[in-house]
Number of protein chains: 2
Amino acid sequence: MTEKLPNQITLAHGAGGKQTSALIHEIFAKYFDNPFLTADDAAVLPRPGRKIAMSTDGFVVSPAFFPGGNIGELSICGTVNDLTCMGAKPLYLTCAFIIEEGLETAKLDQIAKAMAETAQKVGVVLVAGDTKVVGKGQADQVFITTTGVGELLSGVQLAGAEAKPGDAVLVTGDVGRHGCAVLLARDTYGIDAHVTSDCAPLWHPVSAALEAAPDIHVIRDATRGGVGTVLYEIAHQSHVGIRLNAEDIPVDPAVAGVCGMLGLEPLYLACEGRMVMIMPQERANRVIDAMSAYPDTQGVCQIGVITEDNPERVVMETAIGAQTFLPEPGTELLPRIC
Amino acid sequence: MTEKLPNQITLAHGAGGKQTSALIHEIFAKYFDNPFLTADDAAVLPRPGRKIAMSTDGFVVSPAFFPGGNIGELSICGTVNDLTCMGAKPLYLTCAFIIEEGLETAKLDQIAKAMAETAQKVGVVLVAGDTKVVGKGQADQVFITTTGVGELLSGVQLAGAEAKPGDAVLVTGDVGRHGCAVLLARDTYGIDAHVTSDCAPLWHPVSAALEAAPDIHVIRDATRGGVGTVLYEIAHQSHVGIRLNAEDIPVDPAVAGVCGMLGLEPLYLACEGRMVMIMPQERANRVIDAMSAYPDTQGVCQIGVITEDNPERVVMETAIGAQTFLPEPGTELLPRIC
């Protein structure tokens, strides 16, 4: 029932007939093949061993290809990392494509390949998918929505409301790389800097951290809105203050340079492979030791502490002891970063 | 942290900051509120009792509002019905919105309301969501992807490859209404006919049928491509022939009229509330009795039988005994019907 694919995706590829079938066979089945992947209306899957976690995310990044990754990788990392934040081992993923008529078939192939490779890295399986094609000008190349089901680790209690005064605040690497890379890839600023996205699936390093310290209080991935937005959310949810040591915040020199030129705060640029992690201070070194063994989190470090002072605010302390409030996240600066 | 919503959705509503929070509170939380709905990265959910089924579907219907429903209702029905086809009780749903900048806030409110009402009808909960906003002209109003997890009924074995010669072929009501309603709502044909979509979630009537006859072989929802496409898929998967009795195929007179004028075959128009069901002939009456008690499936009837003859073909037999092959589904006629 399959036939060779043309160079561009057409409306017929989304109509559910022969061409849809050809697209599925020639691209999706080629990369996503696994015993659970379904050709029926739903995948039938073994019952998870414990409570489950479920998360969904739509990906609309523009441009779809950027230094360090593409929308395919991103769509797997985003949902894997959302499950990871809850201490849930990613088990099953679904993906739904909305494709603009005229997308180059080779691009879709690259995207699917990146998805399969990223999923394999984590050991999560793609079990079901869907493809819709919309007319030229009715979408921007390709949008992907992934949804994941994970199985909660036992003995773990993670939530944004669990931060306690005295806790250590860690980030798992330098901040703002993804947002900066996408910005530069848009080519509207004429800045010549080499910045690659930090896009990475973090289940393995985070599960190592949770094994080393099951009493971690909060894990959040710093995507849209960056580390700054996540910190303000945690400060609100836990009714605590957060004090950051400005000079401890890891920023790649190229990212810092771009931010300087454009007047951006790296703490508000999106990351796609960075977690904010909050835990009792006495656990911090154990977590840093566990995570720094993994390439994607080798830059893990402490950037601040949770305080009783300044509830619901984030304070930056500079080397000379000056304190300023990190401005509250406001209106959008950088749409379609993820 | 919430603030009143403006009349139109802006890019800021998708940026993850204050406006996103306002949108979530003023619309999504208002309608979707339930104990499992998460404000964290993933919802934490009780472990299902048995094997699970998982399905995803993107909805891009144009126009988003049509007689008999809107994209919100459709997005719940589609995924609920996909789980239903596998004999899985829908438990949890996620939804991801991709919204075009400038969408009227009141429309989004109506869509969310329809989603909540439809979910409630089935007893499925919306546990997690995501919102992205793309620039004007980068999407067509609103796209919704829903993903569902269900729990398999015990003792049920449903698949497209299970049809057996001698089996009865049923549809659960008149065919082609959804596709026809959307077509007319586009207002490009200047045809004045009153057709409403058949859009409906079918878990309750189908579970009643499975209780009455657990040995049903195939259940498929006849969405994209309609009943004709589904029948050809089953014929291929089960390596059987299908013989339809032309005069037994239920078609609303208004739908038949529109199809006549436009030269369309109702069997190839999308349904969004119709199942094709295949079972041992001796179970057919029991299934019809069980389902005809429900308003959404009161038109359930037998339209044909599975044959050894004509493997992988669908044959139409007319009142005077003439036989013709139903043409194989080919290229798209009607994109963006769901």
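Residues numbered from 1 in each chain as written. Chains lettered and ligands numbered in written order. Predicted model: local features only at pLDDT ≥ 70, side-chain atom pairs only at ≥ 80, totals over all residues. Heavy atoms only, no water.

Engineer: Any details on helix H8 (residues 284-292) of chain B? Residues and values, ideally.
Structural biologist: All names here are of chain B. Every buried residue belonging to H8 is among Ala284, Val287, Ile288, Ala290 and Met291, and all of these are buried. Along the axis of H8, the buried positions cluster into a sector of 165°, meaning they face one direction only. Among the exposed residues of H8, those oriented more than 90 degrees off its buried face are Asn285 and Asp289. Summarising the contacts, the buried residues of H8 are in contact with strand S8 (168-171), helix H5 (203-212), strand S11 (275-279) and strand S12 (301-307). (Buried < 20%, exposed > 50% of the residue type's maximum accessible area, 1.4 Å probe, protein only. Helix = DSSP H or I, 4+ residues; strand = E, 2+ residues; numbered from the N terminus. Arc of directions from axis to C-beta. Contact = heavy atoms within 4.5 Å.)

Engineer: Tell me about the relation of the copies chain B and chain A, and name the residues and values.
Structural biologist: Of the two same-sequence chains, chain B is brought onto chain A (RMSD 0.0 Å, axial shift 0.0 Å) by a rotation of 180°. Those values place the two copies in the arrangement expected of a two-fold rotation axis. Among all C-alpha atoms of chain B, that of B:Ala139 lies closest to the rotation axis, at 2.1 Å. (Least-squares fit on C-alpha atoms with pLDDT ≥ 70 in both.)

Engineer: Could you give an account of the pairing of strand S5 (residues 88-100) of chain B, with specific residues and numbers?
Structural biologist: Residues and elements named next belong to chain B. A large share of S5 lies buried, amounting to 12 of its 13 residues. Here S5 runs beside strand S7 (residues 142-152); their pairing, made up of 11 bridges, is antiparallel. When the sheet's bridge partners are listed, Ile98 is paired in S7 with Phe143. With nine bridges connecting them, S5 and strand S6 (residues 125-134) associate as parallel partners. (Pairing = 2+ DSSP bridges.)

Engineer: Explain the interface of chain B and chain A to me, using residue names and the numbers behind them.
Structural biologist: On the side of chain A, 75 residues touch chain B, which itself brings 75 residues to the contact. Between chain B and chain A lies a buried interface of about 5,900 Å² when both sides are counted; carbon and sulfur atoms form 60% of it. Taken together, chain B and chain A are joined by six salt bridges. Measuring nitrogen to oxygen at the nearest pair gives 3.1 Å for the salt bridge that ties A:Lys132 to B:Asp57. Between chain B and chain A we count 27 residue pairs in polar contact (both at pLDDT 80 or more) in total. Within the side of chain B that touches chain A, the residues separate by chemical class into 34 nonpolar, 24 polar and 17 charged. Here three bridges tie strand S1 (residues 43-45) of chain A to strand S2 (residues 52-59) of chain B, and the two strands are oriented antiparallel to one another. By the bridge assignment, A:Leu45 is partnered in S2(B) with B:Ile52. (Buried area = accessible area lost by both parts, 1.4 Å probe. Salt bridge = Lys/Arg side-chain N within 4 Å of Asp/Glu carboxyl O. Polar contact = N/O pair within 3.5 Å; in protein donor to acceptor, adjacent residues only side chain to side chain. Nonpolar A, V, L, I, M, F, W, Y, C, P; charged D, E, K, R; others polar.)

Engineer: Describe helix H3 (residues 105-122) of chain A, naming the residues involved and giving the relevant values.
Structural biologist: Its 18 residues place the ends of H3(A) 26 Å apart at the C-alpha level, agreeing with the 26 Å of an ideal helix rising 1.5 Å per residue. Where H3(A) is concerned, the buried positions are A:Thr105, A:Leu108, A:Asp109, A:Ile111, A:Ala112, A:Ala114, A:Met115, A:Ala116, A:Thr118, A:Ala119 and A:Val122. (Expected span 1.5 Å × (residues − 1).)

Engineer: Please provide a residue-by-residue account of the UniProt feature "domain: PurM-like C-terminal" (unreviewed entry) in chain A, values included.
Structural biologist: Annotation from UniProt places "domain: PurM-like C-terminal" (unreviewed entry) at residues 164-315 of chain A. From the first C-alpha to the last, residues 164-315 of chain A spans 16 Å; its make-up is 33% helix and 18% strand. (UniProt positions renumbered as here; feature names shortened; annotations may be inferred.)

Engineer: Can you explain the sheet that holds strand S11 (residues 275-279) of chain A? Please cite residues and give values.
Structural biologist: All names here are of chain A. The strand order across the open sheet formed by seven strands is S9-S11-S8-S12-S10-S13-S14, and the pairing between neighbours is mixed. At either margin of the open sheet sits one strand with a lone partner, and together these are strand S9 (218-221) and strand S14 (323-325). Adjacent strand axes in the sheet meet at a mean angle of 25° when their direction is disregarded. Two strands pair when backbone bridges link them, and strand S13 (residues 314-317) and S14 are joined in this way by three bridges, in the antiparallel orientation. Looking at S14, one finds that Glu317 is bridged to Gln323. Strand contacts of helix H6 (residues 226-238): strand S8 (168-171), S9, strand S10 (241-245), S11 and S13, with the helix running at about 145° to S9, the strand carrying the most contacts. (Axes fitted to C-alpha atoms, helices over the stretch in contact; angles between N-to-C directions.)

Engineer: Please provide a residue-by-residue account of the packing of helix H5 (residues 203-212) of chain A against helix H8 (residues 284-291) of chain A, values included.
Structural biologist: All names here are of chain A. Look at H5 against H8: their axes get within 8 Å of each other, and the N-to-C directions meet at 145°. As H5 packs across H8, the resulting crossing turns out to be right-handed. For the pair H5 and H8, contact is made by Pro205, Val206, Ala208, Ala209 and Ala212 and by Arg286, Val287, Ala290 and Met291, respectively. Classifying every residue of the contact of H5 with H8 gives eight nonpolar, no polar and one charged. (Left-handed = near helix turned anticlockwise from the far one by under 90°.)

Engineer: Which residues make up the domain arrangement of chain A, and what values do they have?
Structural biologist: Residue and element names in this part refer to chain A. Taken as a whole, chain A is organised into domain 1 (11-152) and domain 2 (168-325). Computed from C-alpha coordinates alone, the two centres of domain 1 and domain 2 are separated by 27 Å. Listed per partner, the contact involves 22 residues of domain 1 and 23 residues of domain 2. Across the domain 1 to domain 2 interface the summed buried area is about 1,800 Å²; carbon plus sulfur atoms make up 67%. Our count for the contact surface shared by domain 1 and domain 2 stands at one salt bridge. We note a salt bridge from Asp296 to Lys121, for which the minimum N-O separation is 3.9 Å. When residues of the side of domain 1 that touches domain 2 are traced back to their parent elements, those giving at least two are helix H2 (71-85), strand S5 (88-100) and H3. (Domains from an automatic or database assignment.)

Engineer: Before we move on, can you summarise unusual backbone geometry with the specific residues and values?
Structural biologist: Leaving glycine out, the prevailing phi sign among residues is negative, and the prevailing peptide bond configuration is trans. Of note, the amide linkage connecting A:Ser62 to A:Pro63 takes the cis form, showing an omega dihedral of 0°. For A:Asn310, which is not glycine, the phi torsion reads 50° and is therefore positive. In this fold, A:Asn310 is placed in the loop between strand S12 (301-307) and S13. Residue class for A:Asn310 comes out partly exposed when judged on its relative accessible area of 33%. A positive phi angle, close to 50°, is found at B:His239, a residue other than glycine.

Engineer: Describe the pattern of salt bridges, and please don't skip the residues or the numbers.
Structural biologist: Going through the model one piece at a time under the given rule, you end up with 32 salt bridges over all chains. A salt bridge links B:Asp198 to B:Arg274; the nearest nitrogen and oxygen atoms lie 3.8 Å apart. Here B:Asp198 is found in the loop between helix H4 (177-185) and H5, whereas its partner B:Arg274 is found in the loop between helix H7 (253-262) and S11, with 76 residues between them in sequence. Judged by relative accessible area, B:Asp198 falls into the buried class, the value being 5%. Overall, the relative accessible area of 7% leaves B:Arg274 in the buried class. Taken together, the shared-partner salt bridges connect A:Asp57, A:Arg224, B:Asp130 and B:Lys132 into one network.

Engineer: Tell me about the state of the cysteines, and name the residues and values.
Structural biologist: As enumerated under the stated definition, the model contains zero disulfides over all chains in all. In this model A:Cys271 remains outside any disulfide bridge; the closest cysteine sulfur is found in A:Cys259, 11 Å from its own. Of the cysteine sulfurs around B:Cys338, a residue in no disulfide, the closest is that of B:Cys199, at 11 Å. Here B:Cys338 falls in the buried class, since its relative accessible area comes to 5%. (Disulfide = S-S within 2.5 Å.)

Engineer: Tell me what's going on with the UniProt feature "domain: PurM-like N-terminal" (unreviewed entry) in chain A, and back it up with residues and numbers.
Structural biologist: The UniProt entry lists residues 40-151 of chain A under the feature "domain: PurM-like N-terminal" (unreviewed entry), expressed in the numbering used here. For residues 40-151 of chain A, the end-to-end C-alpha separation is 24 Å, with 29% helix and 43% strand making up the annotated structure.

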